[in-house]
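Listed below are the residues making up each chain.
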Amino acid sequence: MSSLGQALDRAFGRPRGPLGRLGGIAMARGNAATERHVVSVAKPGPEETVLVVGPGPGVGLEAAAERARLVIGIDPSREMLDLCRKRCADAIRSGNVLLRHATAARTGLNAETADVVLSVNNVHLWEDRAAAFAELYRVLRPGGRIVLSAHEKWLSVSRHALAAETEDAGFTDTQTWTWQPPGPLAARAAQLRAWRPS
């Protein structure tokens, strides 16, 4: 990996150190509209538990916490978890938000913990998507749903192939579409919603 590639990975891919913290600030601005859009698509209810995979600086985590009973954020980046703690300090104190150092493939959660799973701009970083989708299926309650969004240009597969991967994990009623976030520099997002059968 080139020096530039390493710096970008440290800032945005797998955020760590000072570059990771700067990347988090940039992500909070650049991804905010998509984070809020994904929460609105998922429509978490006041009695539901939401799992946010890779919350980054916590914009979507905060938006989900305004709607849901409990929101759990898991991220492999300790720097991003620190930013989430700052953004969601009141919700953490009240017990509305929990944070864990974990990954999509290894959440550390009990089976059937969540009603909703959300992921924005990190599915392309999952080392083993099949294992991650299987794990997210496991932690969803029957009738639960997953909603994810990813920069279309960073996906290594089409959104239709991604949908097929969720179906291989057992999800059903999968829908995919593209969404253009506001702003002249915003990249088009591939989005997906699917359910764990009741």
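About the cut-offs
- Residues numbered from 1 in each chain as written.
- Predicted model: local features only at pLDDT ≥ 70, side-chain atom pairs only at ≥ 80, totals over all residues.
- Heavy atoms only, no water.
- Helix = DSSP H or I, 4+ residues; strand = E, 2+ residues; numbered from the N terminus.
- Buried < 20%, exposed > 50% of the residue type's maximum accessible area, 1.4 Å probe, protein only.
- Contact = heavy atoms within 4.5 Å.
- Areas by Shrake-Rupley, 256 points an atom, 1.4 Å probe, with all protein chains shown as cover.
- Phe/Tyr/Trp six-rings, centres within 6.5 Å; stacked < 30°, edge-to-face > 60°.
- Core = buried A, V, L, I, M, F, W, Y, C linked by side-chain atoms within 4.5 Å.
- Pairing = 2+ DSSP bridges.
- Axes fitted to C-alpha atoms, helices over the stretch in contact; angles between N-to-C directions.
- pLDDT = per-residue confidence, 0-100.

**Student:** Talk me through the overall build of the protein; I want residue IDs and the actual numbers.
**Tutor:** What the protein contains, in helices and strands, is 8 helices and 7 strands. Per-residue burial over the protein gives 51% buried out of 198 residues. Look at the contacts in the protein between residues 6 or more apart in sequence, and 66% of them connect residues 24 or more apart. When the accessible area of the protein is evaluated, it comes to approximately 9500 Å², of which 52% is carbon and sulfur surface.

**Student:** How would you sum up the packing of aromatic side chains? Please name residues and give values.
**Tutor:** Scanning the entire structure with this criterion turns up 2 aromatic pairs. Relative to F133, the ring of W126 has its centre 5.4 Å away and its plane inclined at 75 degrees; by these criteria the two rings are edge-to-face. Neither residue differs from the other here; W126 and F133 are each classed as buried. Measuring from centroid to centroid gives 5.2 Å for Y137 and F171, while their planes differ by 90 degrees, and the two rings are edge-to-face.

**Student:** Give a description of the nonpolar core that names residues and reports values.
**Tutor:** Within the largest apolar cluster, 27 residues are counted, with the highest numbers of intra-cluster contacts made by L51, V53, W126, L136 and I146. At the level of secondary structure, the elements contributing two or more residues to this core comprise β1 (49–53), β2 (70–75), β4 (114–120), α7 (129–139), β5 (140–151), α8 (159–168) and β7 (189–195). Excluding its chain neighbours within four sequence positions, the residues that come into contact with L51 are I72, I74, T107, L109, A114, V116, V117, L118, L136 and V139.

**Student:** Give me the sheet that holds β5: which residues, what numbers.
**Tutor:** Read across the sheet, 7 strands follow the order β3-β2-β1-β4-β5-β7-β6 without closing on themselves; strand pairing throughout is mixed. In this open sheet, the two edge strands, each paired with only one partner strand, are β3 (97–101) and β6 (172–179). In this sheet, neighbouring strand axes are inclined to one another by 15 degrees on average, regardless of whether the strands run parallel or antiparallel. Inspection of the sheet shows β2 paired to β3 by 5 bridges, in the parallel sense. Residue I72 lies in a different strand from β3, and its bridge partner there is L98. Sheet strands touched by helix α5 (residues 78–87): β2 and β3. Its angle to β3, the strand with the most contacts, is close to 170 degrees. Helix-sheet contacts for α8 involve β5, β6 and β7, and the interaxial angle to β6 is about 155 degrees.

**Student:** Please give an account of the confidence of the model for the protein that cites residues and values.
**Tutor:** Scored by pLDDT, the protein comes out at a mean of 88, with 85% of its residues at no less than 70. Confidence over residues 1–12 falls short of pLDDT 50; this stretch has 20 contacts with residues more than four positions distant or in other chains.

**Student:** Can you break down unusual backbone geometry residue by residue, with the values?
**Tutor:** Backbone geometry at E112 places phi at a positive 55 degrees, although glycine is not the residue there. Positive phi outside glycine occurs at D173, with the angle close to 50 degrees. Its place among the elements puts D173 in strand β6. Classification of D173 by relative accessible area gives exposed; the value is 57%.

**Student:** Please provide a residue-by-residue account of the environment of R159, values included.
**Tutor:** Tracing the sequence through the fold places R159 in helix α8. Using a relative accessible area of 22% as the deciding quantity, one classes R159 as partly exposed. Measuring from C-alpha to C-alpha, the distance between R159 and W177 comes to 7.9 Å, with 18 residues separating the pair along the chain. Discounting residues that sit within four places of it in the chain, R159 has contacts with E152, T176, W177, T178 and A190.

**Student:** So what about the side chain of H37? Which residues, and what values?
**Tutor:** By the secondary structure assignment, H37 is in helix α3 (residues 32–42). Here H37 is in contact with W177, W179 and Q191, once residues within four sequence places are set aside.

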